[in-house]
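Close look at the chain arrangement
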Amino acid sequence: MFDTVLIANRGEIALRILRACRDLGLKTVAVHSDVDADLRHVALADQSICIGPASSSASYLNGAEIVLAAQLTGAGAIHPGYGFLSENADFAASVEAAGLTFIGPPSAAIRRMGDKIAAKRAMMEAGVPCVPGSDGVVPADGNAIRDLGAQVGFPLMVKAAGGGGGRGMRVVRNPDELLEAVATTREEAGRAFRNPDVYMERFLARPRHIEIQVLADQHGSAVWLGERDCSMQRRHQKIIEEAPAPGLDRGVVERVGELCAGACRTIGYTGAGTFEFLYEDGAFFFIEMNTRVQVEHPVTELVTGLDIVREQIQIAQGKPLSLRQADVVLRGHAIECRVNAEHPFTFTPAPGRVERWTPPGGPGIRVESHLYSGYVVPPHYDSLVAKLLSHGATRDEAVARMAGALSEIETAGLVTNVPLHRLLLNEAGFVAGGFDIHHLERLIAGGLIHEGGER
Ligand code: ADP
């Protein structure tokens, strides 16, 4: 059993993991790049160690160096957070091979679910509904590709088996574009993900993005913790998430949730995980699984009262889940706004110094952030600097509290997308709830979201 956890990440999630460890009486080791020595969690950790230069590939993605750091500092476990090495099966396997605990699922489960074609196959076997498509790798032969395209129907999506982060996807509107789209996506996927396999999926026109959070222990128990609606997106990147998803038939959600928990048992999945679905016309279609903690996990924590990161750590310690499905009770409504250091209307990254950081507060408000006055956001990493969360008895109350928090928050000196969030919180479609994944793009195209648009 480990008593020290190495945190293989940075920013807000590193701080979140540190706090969960502290609550459990575990010691922490922070690893950081040479531009990240000033991070909040580095100051708070029991030990810290610089693992390389700013470039992620030489630091946060350098698995060998991170395992070495764990061995040097006596850490018995590694928490990967999200992004970076969190879904890298080779890294998880190297942690296991070093005799350390990877706080996440077994490397074999990451490998299987990381290949989206294999993941869809596993889900179909477990009875989880998937987006209709090629059910396997698109073949090499041109005629076979055309036949497959005709079977799936247009418009369709060509997707990379190894894709992630919204990359490696292409919409094909008619048969004439198919061969070129397959060739280009293959080529890109080979370069970006070192796996040129692609598959086809029917392109859903107006889906919502709804995902199911699960927890599974090493003793065969699995629970699902309700759903999150992550439909407010730009370029497949989530901007606002909420739980529960407005207007869904609870019976339908429950059936899908049970299937997800069941799938964890069939595929030997352990730890925290998320099944991502597109939802259209009352039906759920599985698209992929995230085998790690997600950015938006606190939304679920607010409505369930659970600590998902703590559960992750305890599962890795071999402990049984602290609750059964009947103990999962959803209370009220929660919303998360992702605050990014980027221009609110052009979306260009805007790293820099935050002269004065004043987080909001009050009933039902939670802030997850590594910011402090004088902190300099470096240009090398993801632009997420804070997650603002609100919880209320009803969605209206959660919206009102979020609007209040957005009016309080101050990031003097730093350009952020807070003005965008202020606009969205007042926007009729958001206020009504239940919008689809193209909602924000439509607002942008319609000129409703633009510079000077804020009152
Ligand atoms: P990634 O792993 O890169 O996040 P996903 O498969 O989860 O890729 O898809 C990301 C986003 O792309 C979804 O949230 C949705 O907005 C869009 N998308 C994916 N598949 C489809 C589809 N079949 N039809 C319509 N939109 C899709």
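Just above, that's the structure.
This report concerns the structure included in the present document.

The rules behind the values
Residues numbered from 1 in each chain as written. Predicted model: local features only at pLDDT ≥ 70, side-chain atom pairs only at ≥ 80, totals over all residues. Heavy atoms only, no water. Pairing = 2+ DSSP bridges. Helix = DSSP H or I, 4+ residues; strand = E, 2+ residues; numbered from the N terminus. Axes fitted to C-alpha atoms, helices over the stretch in contact; angles between N-to-C directions. Contact = heavy atoms within 4.5 Å. Phe/Tyr/Trp six-rings, centres within 6.5 Å; stacked < 30°, edge-to-face > 60°. Buried < 20%, exposed > 50% of the residue type's maximum accessible area, 1.4 Å probe, protein only. Lys NZ or Arg CZ within 6 Å of the ring centre and 35° of its normal. Disulfide = S-S within 2.5 Å. Near = heavy atom within 4 Å. Polar contact = N/O pair within 3.5 Å; in protein donor to acceptor, adjacent residues only side chain to side chain. Areas by Shrake-Rupley, 256 points an atom, 1.4 Å probe, with all protein chains shown as cover. Salt bridge = Lys/Arg side-chain N within 4 Å of Asp/Glu carboxyl O. Lys, Arg positive; Asp, Glu negative; His and termini not counted.

**Remarks on the sheet that holds strand 2 (residues 27–33)**
Read from one edge of the open sheet, five strands run 3-2-1-4-5, paired in parallel fashion. Strands at the two margins of the open sheet, each flanked by one partner only, are strand 3 (47–52) and strand 5 (101–102). Both strand 2 and strand 3 contribute to a ladder of five bridges, which runs parallel. In the sheet register, His32 faces strand 3, and the bridge partner there is Cys50.

**A closer look at the sheet that holds strand 19 (residues 384–392)**
Spatially, 13-12-9-10-11-14-19-17 is the arrangement adopted by the eight strands of the open sheet, whose pairing is antiparallel. Strands at the two margins of the open sheet, each flanked by one partner only, are strand 13 (283–290) and strand 17 (365–369). Taken over all neighbouring pairs, the strand axes of this sheet differ in orientation by 25° on average, direction set aside. Two elements, strand 9 (residues 208–216) and strand 12 (residues 271–280), share nine bridges in a ladder whose sense is antiparallel. Note that in strand 12 the partner of Ile210 across the bridge is Phe277. In this fold helix 12 (residues 395–408) packs onto strand 11 (237–243), strand 14 (333–340), strand 17 and strand 19, with an angle of close to 140° to the strand it touches most, strand 19.

**Digging into the packing of aromatic side chains**
One pass over the full model with this rule turns up nine aromatic pairs. Ring geometry for Phe91 versus Phe102: centroids 6.1 Å apart, planes at 80°, classification edge-to-face. Taken as a pair, Phe91 in helix 4 (residues 89–97) and Phe102 in strand 5 lie far apart in primary sequence, 11 residues in all. For the pair Phe91 and Phe102, one class covers both residues: buried. Of the aromatic side chains, those joined through ring pairs into one cluster are Phe275, Phe277, Tyr279, Phe284 and Phe286. The residue whose ring lies beneath Arg234 is Phe347, and the NZ or CZ to ring-centre distance is 3.8 Å. Against the face of Phe430 rests Arg395, its NZ or CZ located 4.9 Å from the ring centre.

**Quick word on the state of the cysteines**
Per the stated rule, a full pass over the model turns up zero disulfides. The closest cysteine sulfur to the non-disulfide-bonded Cys130 is located on Cys260, 10 Å from its own sulfur. Free of any disulfide, Cys337 has its nearest cysteine sulfur in Cys230, 13 Å distant.

**As for the site of the ligand**
Lys159, Gly166, Glu201, Arg202 and Glu288 are the nearest of the 22 residues found near the ligand. Measuring from a nitrogen atom of the ligand, one finds a side-chain N or O atom of Lys159 at 2.8 Å. Between the ligand and Arg202, the relevant distance is 2.9 Å, taken from a nitrogen atom to a main-chain nitrogen or oxygen of the residue. A total of 550 Å² of accessible area belongs to the ligand in isolation, and the protein chains cover 95% of it. Mapped onto the shell around the ligand, the elements with two or more residues apiece are strand 6 (156–164), strand 7 (167–172), strand 8 (198–202), strand 12 and strand 13.

**So, the pattern of salt bridges**
Across all of its chains, the model carries 27 salt bridges by this definition. The partner of Arg228 in a salt bridge is Glu211, with the nearest N and O atoms 2.7 Å apart. Pair noted here: Arg228 is in strand 10 (residues 222–234) and Glu211 is in strand 9, with a separation of 17 residues, a long-range link. You can call Arg228 buried: its relative accessible area is 0%. Ionic contacts of the salt-bridge type, sharing partners, join the residues Glu211, Arg228, Lys238, Glu241, Glu276, Glu296 and Arg338 into one network.

**Concerning the side chain of Glu280**
In this fold, Glu280 is placed in strand 12. For the buried Glu280, no salt bridge is present, and the opposite-charge side chain at shortest range is Arg206, 5.3 Å distant. Within polar-contact distance, the side chain of Glu280 engages the backbone nitrogen of Arg206 at 2.7 Å. If we skip the residues at most four places from it in the chain, Glu280 touches Leu204, Ala205, Arg206, Pro207 and Phe285.

**Some details on the pairing of strand 19**
Within strand 19, nine of the nine residues are buried, which leaves the element mostly enclosed by the surrounding structure. Strand direction decides the pairing type here: strand 14 and strand 19, joined by eight bridges, are antiparallel. The residue bridging Arg338 from the neighbouring strand is Lys387, located in strand 19. Relative to strand 19, strand 17 is paired through five bridges, and the arrangement is antiparallel. Pairing of Glu368 across the sheet is with Lys387, part of strand 19.

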